[in-house]
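# A structural walkthrough
Residue-level listing of the chains:
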Amino acid sequence: MNELAITVIGRDRPGIVADVAEALARLGANLTDSTMTRLRGHFAMTLICVGPAAADVEAALAPLAADGQLLATVRAVTPDGETTAAGEPYVLAVHGADRMGIVAAMTRVLADAGGNVTDLSTRLTGSLYVVVAEVELPSGSSDEVAGRLARTAAELGVGVSLRPADTDLL
């Protein structure tokens, strides 16, 4: 079995998810992990599937991109196998006036502490910028990381919270 990473991006329209999922199902591909969102009118999908060869998936997705409105890429990847969390799960939330460097500064604090961002979303609504990230922190480091995040947030003029993630919901 082949494991493939597939991305589809382009101007949003109804039916993209259905079109991609149907093309993959016709090939016998099993969607194992995926994320899909709309970013300022643009559709973005990243998924992992198991099944057919990359060339077969590229050929099946080609008609969806034929009009130039979507771009689909397919890449063979090496299966990771079962993985366990590298740390303790937390949710980071940042909110405040939009400005350059919020994501860079906050994720640098996490990285410098040995933390790993496992999911991140940002949204700009008017002048309010919101970041929500799922992170794994080294065991016992959350208090120190929370302090560093608070200092960085104060420098940026934004609010921040770091709380343990409810692992039943992730």
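Residues numbered from 1 in each chain as written. Predicted model: local features only at pLDDT ≥ 70, side-chain atom pairs only at ≥ 80, totals over all residues. Heavy atoms only, no water.

### Some remarks on the sheet that holds strand β4 (residues 70-76)
Sheet architecture is open: four strands sit in the order β2-β3-β1-β4, paired in antiparallel fashion. The open sheet is flanked by β2 (30-39) and β4, the only strands paired with a single partner. Between one strand axis and the next, the sheet turns through 10 degrees on average, direction left out of account. Direction of pairing for strand β1 (residues 2-11) relative to strand β3 (residues 42-51): antiparallel, over a ladder of ten bridges. (Pairing = 2+ DSSP bridges. Helix = DSSP H or I, 4+ residues; strand = E, 2+ residues; numbered from the N terminus. Axes fitted to C-alpha atoms, helices over the stretch in contact; angles between N-to-C directions.)

### Structural notes on the sheet that holds strand β8 (residues 158-164)
What the four strands build is an open sheet, ordered β6-β7-β5-β8; its pairing is antiparallel. Of all strands in the sheet, those with a lone pairing partner are β6 (116-125) and β8, marking the two edges. Taken pair by pair, the neighbouring strands of this sheet meet at an average axis angle of 15 degrees, ignoring direction. Judged from the seven bridges that link them, strand β5 (residues 88-97) and β8 form a sheet pairing that is antiparallel. Looking at β8, one finds that Gly 96 is bridged to Val 158. Across the sheet, helix α3 (residues 102-112) touches β5, β6, β7 (128-137) and β8, and the angle it forms with β7 is around 20 degrees. Lying over the sheet, helix α4 (residues 142-156) contacts β5, β7 and β8, oriented at roughly 165 degrees with respect to β8. (Contact = heavy atoms within 4.5 Å.)

### With respect to the UniProt feature "domain: ACT" (unreviewed entry) in the protein
According to UniProt, the "domain: ACT" (unreviewed entry) feature falls on residues 5-79 and 91-165. Counted over residues 5-79, helix gives 31% and strand 45%. Its end C-alpha atoms are 10 Å apart. With 35% helix and 45% strand, the stretch residues 91-165 has end C-alpha atoms that lie 5 Å from each other. (UniProt positions renumbered as here; feature names shortened; annotations may be inferred.)

### Some thoughts on the domain arrangement of the protein
A common way to state how big an interface is: give the accessible area lost once the parts meet. Looking at the assigned domains, one finds that the protein contains domain 1 (2-76) and domain 2 (88-164). Computed from C-alpha coordinates alone, the two centres of domain 1 and domain 2 are separated by 31 Å. (Domains from an automatic or database assignment.)

### Digging into the pattern of salt bridges
Enumeration over the complete set of coordinates arrives at four salt bridges. Each of Arg 108, Asp 112 and Arg 148 takes part in one network of salt bridges that share partners. (Salt bridge = Lys/Arg side-chain N within 4 Å of Asp/Glu carboxyl O.)

### Points about the nonpolar core
Soluble, globular proteins show a tendency: their nonpolar side chains are buried together. Grouped together as the largest cluster of nonpolar side chains are 17 residues, with contacts concentrated most on Val 94, Ile 102, Met 106, Leu 110 and Leu 149. Put simply, the parts of the chain that give this core at least two residues each are β5, α3, β7 and α4. Considering every element that reaches this core, the biggest residue donor is β7, with five residues. Contact partners of Leu 110, with chain neighbours within four places excluded, come to Leu 92, Gly 115, Val 117, Val 135, Leu 137, Val 145 and Leu 149. Core analysis: the second largest hydrophobic core is formed by 16 residues, Ile 6, Val 20, Val 57 and Leu 61 among them. (Core = buried A, V, L, I, M, F, W, Y, C linked by side-chain atoms within 4.5 Å. Buried < 20%, exposed > 50% of the residue type's maximum accessible area, 1.4 Å probe, protein only.)

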